[in-house]
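Summary of structural features
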Amino acid sequence: MIMGKKGVLNFRIKILPSDWVSADAARREMEKQAAMADSFFSRWIVAFFLPLLFGSLIGYFGPPVNKDFVAALVSAVGVLAGFTVTMMLFTGRMPGSEQLSIESTVDYVDKICYLLRSQCAALMSMFFTLLVCGLWLIFDGVKAAPWSDLSPMIQRSSGIFLIGLLFLTSTKVILLPYQIYELQRFTLEQLKRAKNLENKKSILEQRNLLKSSKTNDKPENLDDFKDG
């Protein structure tokens with residue numbers, strides 16, 4: 001009996017833990033949003049495969065990694081992963097975002113979703129780097145047969161892949177300061193817009209108060225002001 005797509009989905013929901021199902025739904029949503037961008041496939045190749053391939057080639061032709069290098073890499077990537085998680089938690093928590101107009105809100109949501117996808121990709125590359133580091137360290141301590149015979153080959157292969165992941169992670173980490181700048185700049189622009197609007201309202205109230213004390217002229221509206 002062949003299960004339909006809806007039946008498979010219901011089966012997964014019933015048998016898998018709820019946090020797994022939620023994570024898979026979030027992954028599908030990110031893939032759907034990313035696929036809507038122009039030239040998604042070519043951008044994906046440039047963003048992931050090129051750094052991974054370039055780093056792997058350097059790892060293949062370069063000297064093999066050693067235990068001190070892997071241990072230092074684990075410490076550095078662990079710190080960067082914690083920083084990235086913190087950054088993701090605060091991404092989108094902009095003061096005054098509820099006061100945005102409809103057009104600004106749409107742009108704001110698209111920008112935040114894009115930044116979160118980029119940060120999630122950086123975080124996943126760090127997790128894979130830590131995973132390969134753990135694999136290398138495990139086989140570095142294997143002394144019993146038959147794994148002892150395979151240990152050098154696995155360490156060499158994982159070391160090459162580790163250099164590729166290091167280059168991939170580095171390209172993602174380099175983008176983090178620019179993402180922080182984007183968020184802070186957007187916040188400052190909204191603060192500037194709010195202050196300008198507050199200043200216009202204050203001037204308008206003063207003018208209407210002055211007119212009402214002298215004449216019965218129709219009060220001015222805030223729409224009479226042009227954005228400066």
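Remember, predicted model here, so these are calculated numbers, not experimental data. (Residues numbered from 1 in each chain as written. Predicted model: local features only at pLDDT ≥ 70, side-chain atom pairs only at ≥ 80, totals over all residues. Heavy atoms only, no water.)

Quick look at the packing of aromatic side chains now. As enumerated under the stated definition, the model contains 2 aromatic pairs in all. The interplanar angle of 75° and the centroid separation of 5.4 Å between the aromatic rings of Phe54 and Phe167 together place this pair among those described as edge-to-face. In this pair, Phe54 sits in helix 3 (residues 40-61) while Phe167 sits in helix 6 (residues 147-214), placing the two residues 113 residues apart along the sequence. When the centroid spacing of 5.0 Å and the interplanar angle of 90° are considered together, the rings of Tyr60 and Phe61 count as edge-to-face. Judged by relative accessible area, Tyr60 falls into the partly exposed class, the value being 49%. Above the face of the Phe48 ring, Lys172 is positioned so that its terminal group lies 4.3 Å from the ring centre. (Phe/Tyr/Trp six-rings, centres within 6.5 Å; stacked < 30°, edge-to-face > 60°. Helix = DSSP H or I, 4+ residues; strand = E, 2+ residues; numbered from the N terminus. Buried < 20%, exposed > 50% of the residue type's maximum accessible area, 1.4 Å probe, protein only. Lys NZ or Arg CZ within 6 Å of the ring centre and 35° of its normal.)

Spanning 24 residues, helix 4 (residues 67-90) covers 35 Å between terminal C-alpha atoms, matching the ideal 34 Å at 1.5 Å per step. Where helix 4 is concerned, the buried positions are Val70, Leu73, Val77, Ala81, Thr84 and Met87. Of the residues that open helix 4, the one with a side-chain oxygen 3.4 Å from the backbone nitrogen of Asp68 is Asn66. (Expected span 1.5 Å × (residues − 1). Polar contact = N/O pair within 3.5 Å; in protein donor to acceptor, adjacent residues only side chain to side chain.)

Our next topic: the nonpolar core. Ranked by size, the top nonpolar core spans 17 residues in total, and within it Val65, Val70, Leu73, Met126, Cys133, Leu162 and Leu165 carry the most contacts. Elements supplying a minimum of two residues to this core: helix 4, helix 5 (102-140) and helix 6. Here this core gets 6 residues from one element, more than from any other, and that element is helix 5. Not counting chain neighbours up to four residues away, the residues in contact with Val65 comprise Val70, Trp136, Gly159 and Ile163. (Core = buried A, V, L, I, M, F, W, Y, C linked by side-chain atoms within 4.5 Å. Contact = heavy atoms within 4.5 Å.)

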